[in-house]
Every structure is written in structure tokens, then in C-alpha cells.
There are 2 protein chains.
Amino acid sequence: MYKAKAYSAQSATSRLESASIVRRDPTEHDVQIEILFCGICHSDLHQVRNEWSGLMPTVYPCVPGHEIVGRVTKVGSAVTKFKAGDLAAVGCMVDSDGTCPECKAGLEQFCSNLVLTYNSPDKHLGGVTYGGYSDAIVVNERFVLRVPGNLDLAGTAPLLCAGITTYSPMRHWSVAKEKKVGVVGLGGLGHMGVKFAHALGAHVVVFTTSPGKREDALRLGADEVVISKNADEMNKHAGSFDFILDAVAAVHDINAYLNLLRRDGNLTMVGAPQQPIPVSVFGLLFRRRSFSGSLIGGIAETQEMLDFCAKHNITADVEVIPIQKVNEAYERLVRSDVKYRFSIDMASLKSE
Amino acid sequence: MYKAKAYSAQSATSRLESASIVRRDPTEHDVQIEILFCGICHSDLHQVRNEWSGLMPTVYPCVPGHEIVGRVTKVGSAVTKFKAGDLAAVGCMVDSDGTCPECKAGLEQFCSNLVLTYNSPDKHLGGVTYGGYSDAIVVNERFVLRVPGNLDLAGTAPLLCAGITTYSPMRHWSVAKEKKVGVVGLGGLGHMGVKFAHALGAHVVVFTTSPGKREDALRLGADEVVISKNADEMNKHAGSFDFILDAVAAVHDINAYLNLLRRDGNLTMVGAPQQPIPVSVFGLLFRRRSFSGSLIGGIAETQEMLDFCAKHNITADVEVIPIQKVNEAYERLVRSDVKYRFSIDMASLKSE
């Protein structure tokens, strides 16, 4: 075991503050990583503030962070995929049973014995896992991703959650050339959705309530921008979409978007409103539409996504901050005041 | 033009009564059919009572009926699929544009120029189309189905709506051997769902609120019956279903069923609650589940369904009534007091 620097919260109402945590020495299958950048995900904030107490109550101290990019510093004797000096990344998961049908299908995110990057029972050290707001992490090589050398590292970090969360459903629902794809909500997830849909060759329409986001949406790759409060503009697109990615976490009128789907069209939610969403069944019946959810992606698909990003030169649009500004960043996140994702430069932790 | 006997309603609050209607002489592409049996669908009742006034306001007089089985009496000069004396059937549709992408995909039910069997504009005679509560109908051969000779005709009639409505989503969502399939609600639609899922080789679980339906569910082909009010019984099946067909038209707790789906499982509604249904998005995210609707089926698939029924000796369980009892049957339908579908013996119309 060794000590690592981190930022942790001591309670649901505490600020994140500098702390010392313990990491395990790498076992034979582990990769030890010096963390260079860690993205800030809205999930971090929910977990730190125990806002998912019903589903995943927070164990304190809590060290969040699951959009991790760094450099390998040491590998266990049985590790074959990595060597010291390699770039590496870790996303939302750090272990799974590896034997269940979900794992065998490469969909570790649905494994019932999944170990999340933070706030999951830590079978090595006891307590819970600690995430990426830290200068180091030790992870089984099965859950470590290769980072292509041409990508900007600060903008790569958010790919590990915001990226795979939007890439996976687009692949699952066959987004491709000649498909018309909508993206609802231009935030951390939505802006990645636009980039992926564009790179996959689709005709991309962004739905936003903010006319001020039009220029940015076009810059990110949208072909059209629809102000969703404008019913006439919405109606022009009725029955025309193959796929809509809905990245809005607040309760909103999903039926307005379901009505825009063509026959066999799908709307996938990647945001998770706390309250049930009213769905008009008539809207589903008349074009055999479907409404579904998606949750990050498996390890193999996450690697595919990173390689896709390397090929198409895609990273997240980030505002890089030192870790000392993380509490301020959380306040801004609540106000959606970031374009489009915070990435913590972990060099800033050295001075703590 | 010629006169035909029928039963029609003069207003939303009228009883169905004996009436004389006009049918067109068969054009070159038409098939003239003597109707032998017509099933009673809940849609008939909704249309007659103008309960879908927002979506499809009823034009009176209204002659409902879209589960039609009969014998060909005459064919137009260009008709190739039928000859006088053949058994034939007509379902919910009697025409479509034939040129749109939906029609070309064999999914005429989604054609925006679809002509329904009743209450749609009649381009031949003006007014609206009249359905199967009649002794005759004239339909373009594209919308006439072949009826295999080994099927009981009274029980075949409901296949044209209740049958295809439940068969189509099972085929679309790949119900087959080694799949676990749920059917929610054991009524006119649900009992067909059980028969099809069983014949397709699936492990079939019926969900019902009525313990009294257990024996019947097993007789129809269910492998298990779950009383849906029993939370413990429900929980035993959590995360285990590949597909659930929900045939309940009343607003009900859909999330209890979504939670029973395994990863990538689908729940398809074929009933259409008037009010939006609250859907918990977390339930969809965690196993990439989907929630969808389905609407009858295309003509080619309807024929496939009839041929499947012939092979597996499947018909609806019907109570055969004379047309003089149709108003009483409607009252019983509202109370779900029928096992499981009424089929009108149209010979009874001769005495009117």
C-alpha cells in the first residue's frame, strides 16, 4: 500500500478538500497510473452530495472522478497490454466478475458484480473504491484503456464517461450515413453526441431551448438547430428521425420528441430524470417507435470509441481547471455554466 | 352498386341496428366477398361510441367490423390471387397508396394514405368505408388474405386484428425458442399472444390480476402464471424476460414490468391507454431496456400469420353470436365478460 494525494468530501454537505488516501500496490494483473487529467461528471456531484441515496448511498469520505487519463507508472507481472510510460485511461468501472453472460458479451456495465470506480466496495483494501480526483490509481488491466497518442489529454478525459455514454447508443441503434439523428440538450453529453453523430455521417439536428447555442451547435457538427419551444419548427420534423439521443436529465416532454421519430425510430435517454416520464402510448403504436435507455458502454466498445476519436480527431470541449477550483466548478455545473465539460489538470494536486 | 345488409349505428349513443348499405360493383382489381364471420374488436366499440373523437372522429352511420372471414363471390378481371368460391379474409385495412416507403416495405399499416376498413374516406362511393358487420364487402385484392382450409372460420375472424396485433411484435422482437416471454393481460389480445409465444417455442409467463384465470392461461399455452398484484412473485422474475407483450389498455404500472426485462429486453404495448404512462428512466438505463408500441401488421405478415396459424392449428377462442346480440355483446365487452373474443355468425343477418 502507498499514500496518494486526493480531493475528498467528508459528508453530503462538505466541500471537496485535499486529503491523503491509500492505494494498493499493484497485484500481478494491475496497472498503476499517474493521473494527468480527470473530467468532472454530473454523477460526481450527485454522488458527493448523496443525491442518489436511494439507489447508491454515498460512503464517506468520497473521492469521485471516473473520467481518468494518465500515464502508466508500474505494471504487475502478468500485465500484457501496458508497460510503464504508456498513456492509459480509466472510466466508470474498475472490475466485474468476468464470468457472467453480460461480461462475456463485453457489456461489463451490466454485470451484477460490477465495481464502480468510486463508492463501490473495494475488495483489495476494504472500504469503498476511490476515484480519479487523485494523483494515482491502481486498476486491473482489463479495465484500463489505451489512449491514442494524437489526442489532447485534457479533452480525452471526458470521453471515458460522456464520450462512451453517447457513442454506445449511437452504435447500438445503427447511427450511420443517411440517417437523421437528433440530439436533445447541448451540454456535456449532448455536445459529444453531436460530434459522434456527425463523424458517423448522419444528418444531425440539435434541439435546444437556448437560441444562443445555435452557433455552437453548428460549430460542433450540427446540420440544423431547432429551438424546441417553437412548436412550428418542431412540427416540420414530425415523423422524420431515425434516432434521437436525449441527454436532458430534467423531467421534460418526451412525447414532443417521440413524435419526431419515423417508423421504427428510437429515442434513447442517457440523462436520468429522477421522476417517471409520462409517455403517450399512441405515439409509440403508430410508427412502431421505441423508447429506451443506455448506460455508458462495455470496455471493448470504450476502446473502439477512443480509437474512433483518434481517427476523427474528436475530444470533448473542455475548460481545464486546477483541482483547487473543483468546488466552484460544481456550483457552475449546477447552473450548466460550462462549455462543455470541466477537466481537472492533476498537476495542480502536486502543490497540496 | 348493389345493396347489402348490415348493422350500423346512427350516433355515438345509438344501438347498432339493421340497415341497408351500398357496396360498389367490383372493379377490375376488386374481390367481392360474402361475409361468413366477423369478430368484434374493442376498436369497433370505441369507434361506434366516438370514443376516439380527437384522433378519428366517427362519421355516422357507422358500420364497424375489421375481423372479416368469408367466401369470394366474384372477382374483377385483373384479379389473379382469388377466384369465386375461395375462402378469403379482410382485416383493418382495405387500401393504401402502394408507393410510399412504408408500403414498399410491406408495412401498409404505417402508410399515411391508409384506408381503414371502416370510417375512412371511401374514394369509390364517397362517404366513409363500411366494415364487416354486413353480409358482403368489396375490397382491392391487395388487401384480401387467403384463408387456409383447415382453420375453423369463426375462430379465424379475430386473427385479422387480435391475431396480427400480437403476432407482429413477437416476430419483430424475435420471439423464438429459448426466449422468455411475458404476456400482460389475458383478454382478446393477450390470449392470442399466449398462443403465438407458445407456438414460437418461447417459455411463456402470463401476468394477470385474476387468480381465476390461471387454469385457462395454462390451457392456452402458458408455462407459468404470475398474479401481478403479488410483489414477491413479481420480484422472482426480475431481470429475466427477453420480451413482454402488454395487452392492457387501461393505465397501469408499466415500470413493474419493465423491471422484469433482462438486458436489451423489450416491452411492447399493443393496448393503448388514453393517458400517458409514467416510465421510470432509471429502469430503462440499467439494462438498456426498450419500451415500444406496435400496430397490427402489414399484409404480407398478416398472410404469414394466417399460414403460421394453419401450421400450428391456432385460432382465437370465440363465443359465436348472432348479429342480433351485438349490442349485448358490447356491454359484456366493456365488462371483459367474454372468453376471449366474440365472433358474429353472419348467417344470422339473412333473417333481417
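Bear in mind that the values here come from a model prediction, so they are computed numbers and not experimental data. (Residues numbered from 1 in each chain as written. Chains lettered and ligands numbered in written order. Predicted model: local features only at pLDDT ≥ 70, side-chain atom pairs only at ≥ 80, totals over all residues. Heavy atoms only, no water.)

Caption draft 1: Seen up close, the relation of the copies chain B and chain A. Superposing chain B onto chain A takes a rotation of 180° combined with a translation of 0.0 Å along the rotation axis, leaving an RMSD of 0.0 Å. One copy is carried onto the other by what is essentially a two-fold rotation axis. Across chain B, the rotation axis passes nearest the C-alpha of P278 of chain B, at a separation of 2.0 Å. Here 100% of the interface residues in chain B have copies in chain A that are interface residues too; the copies meet face to matching face. (Least-squares fit on C-alpha atoms with pLDDT ≥ 70 in both. Contact = heavy atoms within 4.5 Å.)

Caption draft 2: Examining the pairing of strand β5 (residues 87-90) of chain A more closely. Residue and element names in this part refer to chain A. Both faces of β5 are covered, namely the face carrying L87 and A89 and the face carrying A88 and V90. Bridge analysis of strand β4 (residues 68-75) against β5 gives four bridges, and the strand direction is antiparallel. From the neighbouring strand, R71 faces β5, where its bridge partner is L87. Here β5 runs beside strand β9 (residues 145-146); their pairing, made up of two bridges, is antiparallel. Bridge assignment links A89 to a residue of β9, and that residue is L145. (Buried < 20%, exposed > 50% of the residue type's maximum accessible area, 1.4 Å probe, protein only. Helix = DSSP H or I, 4+ residues; strand = E, 2+ residues; numbered from the N terminus. Pairing = 2+ DSSP bridges.)

Caption draft 3: Expanded view of the side chain of D44 of chain B. All names here are of chain B. By the secondary structure assignment, D44 is in helix α1 (residues 42-48). A distance of 2.7 Å separates polar atoms of two side chains, one belonging to D44 and the other to Y118. In this structure D44 touches G39, P64, G65, H66, Y118, Y133 and Y330, once residues within four positions along its chain are discounted. (Polar contact = N/O pair within 3.5 Å; in protein donor to acceptor, adjacent residues only side chain to side chain.)

Caption draft 4: Representation of the pattern of salt bridges. A complete count under the given rule lists 37 salt bridges over all chains for this structure. Note that R171 of chain A and E304 of chain A form a salt bridge whose closest N and O atoms lie 2.7 Å from each other. Within this pair, whereas R171 of chain A is found in helix α4 (residues 162-172), its partner E304 of chain A is found in helix α10 (residues 299-312), the two being separated by 133 residues in sequence. A relative accessible area of 39% means that R171 of chain A is categorised as partly exposed. R49 of chain B is the salt-bridge partner of E331 of chain B, the closest N and O atoms lying 2.8 Å from each other. Within this pair, whereas E331 of chain B is found in helix α11 (residues 326-334), its partner R49 of chain B is found in the loop between α1 and β4 (68-75), the two being separated by 282 residues in sequence. (Salt bridge = Lys/Arg side-chain N within 4 Å of Asp/Glu carboxyl O.)

Caption draft 5: Examining the packing of aromatic side chains more closely. Throughout the structure, instances matching the rule amount to 12 aromatic pairs over all chains. Seen from their ring centres, F196 of chain A and F308 of chain A are 6.2 Å apart, and the 50° between their planes marks the pair as tilted. Taken together, the positions of F196 of chain A in helix α5 (residues 188-199) and F308 of chain A in helix α10 put the pair 112 residues apart, joining distant regions of the chain. When the centroid spacing of 5.5 Å and the interplanar angle of 50° are considered together, the rings of Y167 of chain B and F308 of chain B count as tilted. Here Y167 of chain B, found in helix α4 (residues 162-172), pairs with F308 of chain B, found in helix α10 (residues 299-312); they are 141 residues apart in sequence, far enough to count as distant. Taking the relative accessible area as the measure of exposure, F308 of chain B reaches 13% and is therefore buried. Clustering of aromatic rings is evident, with ring pairs tying together Y167, F196 and F308 of chain A. (Phe/Tyr/Trp six-rings, centres within 6.5 Å; stacked < 30°, edge-to-face > 60°.)

Caption draft 6: The arrangement of α4 of chain A in detail. Residues and elements named next belong to chain A. Most of α4 is tucked away, with nine of its 11 residues classed as buried. A162, G163, I164, T165, T166, Y167, S168, P169 and M170 are the residues of α4 that are buried. Buried residues along α4 sit against β10 (180-184), α5, β13 (241-246), β14 (261-269), α10 and β18 (341-345). Looking at the residues trailing α4, positive phi occurs at S174, about 60°.

Caption draft 7: Layout of empty space enclosed by the protein. Residues and elements named next belong to chain A. The tally for this structure, following the rule as stated, stands at three cavities of 30 Å³ or more. By volume, the largest cavity is sized at about 200 Å³. R24, V94, D122, T129 and V138 are the residues nearest the centre of the largest cavity, which is lined by 17 residues in total. Residues that form the lining of the largest cavity fall into these classes: nine nonpolar, three polar and five charged. (1 Å grid on protein atoms, 1.4 Å probe; cavity = no way out; pocket = protein on both sides within 12 Å on 5 of 7 lines; lining within 4 Å. Points joined across faces, edges and corners; volume = space filled by probe spheres on them. Nonpolar A, V, L, I, M, F, W, Y, C, P; charged D, E, K, R; others polar.)

Caption draft 8: Layout of the interface of chain B and chain A. Contacts between the two partners involve 35 residues from chain B and, on the opposite side, 35 residues from chain A. Summing both partners gives a buried area of about 3,300 Å² for chain B against chain A, and 68% of it is carried by carbon and sulfur. The largest per-residue losses of area from chain B upon contact with chain A belong to F282, L285 and R288 of chain B, which jointly make up 21% of the total buried on that side. On inspection of chain B and its partner chain A, the count reaches two salt bridges. Of the charged contacts, one joins E102 of chain B and R263 of chain A as a salt bridge, the two residues approaching to 2.5 Å between their closest N and O atoms. Connecting chain B to chain A are seven residue pairs in polar contact (both at pLDDT 80 or more). Taken together, the elements giving at least two residues each to the side of chain B that touches chain A come down to α2 (101-104), α4, β14 (261-269), β15 (277-279), α9 (281-285) and β16 (290-293) of chain B. Two strands pair when backbone bridges link them, and strand β15 (residues 277-279) of chain A and β15 of chain B are joined in this way by three bridges, in the antiparallel orientation. Of the residues in β15 of chain B, the one forming a bridge with I277 of chain A is V279 of chain B. (Buried area = accessible area lost by both parts, 1.4 Å probe.)

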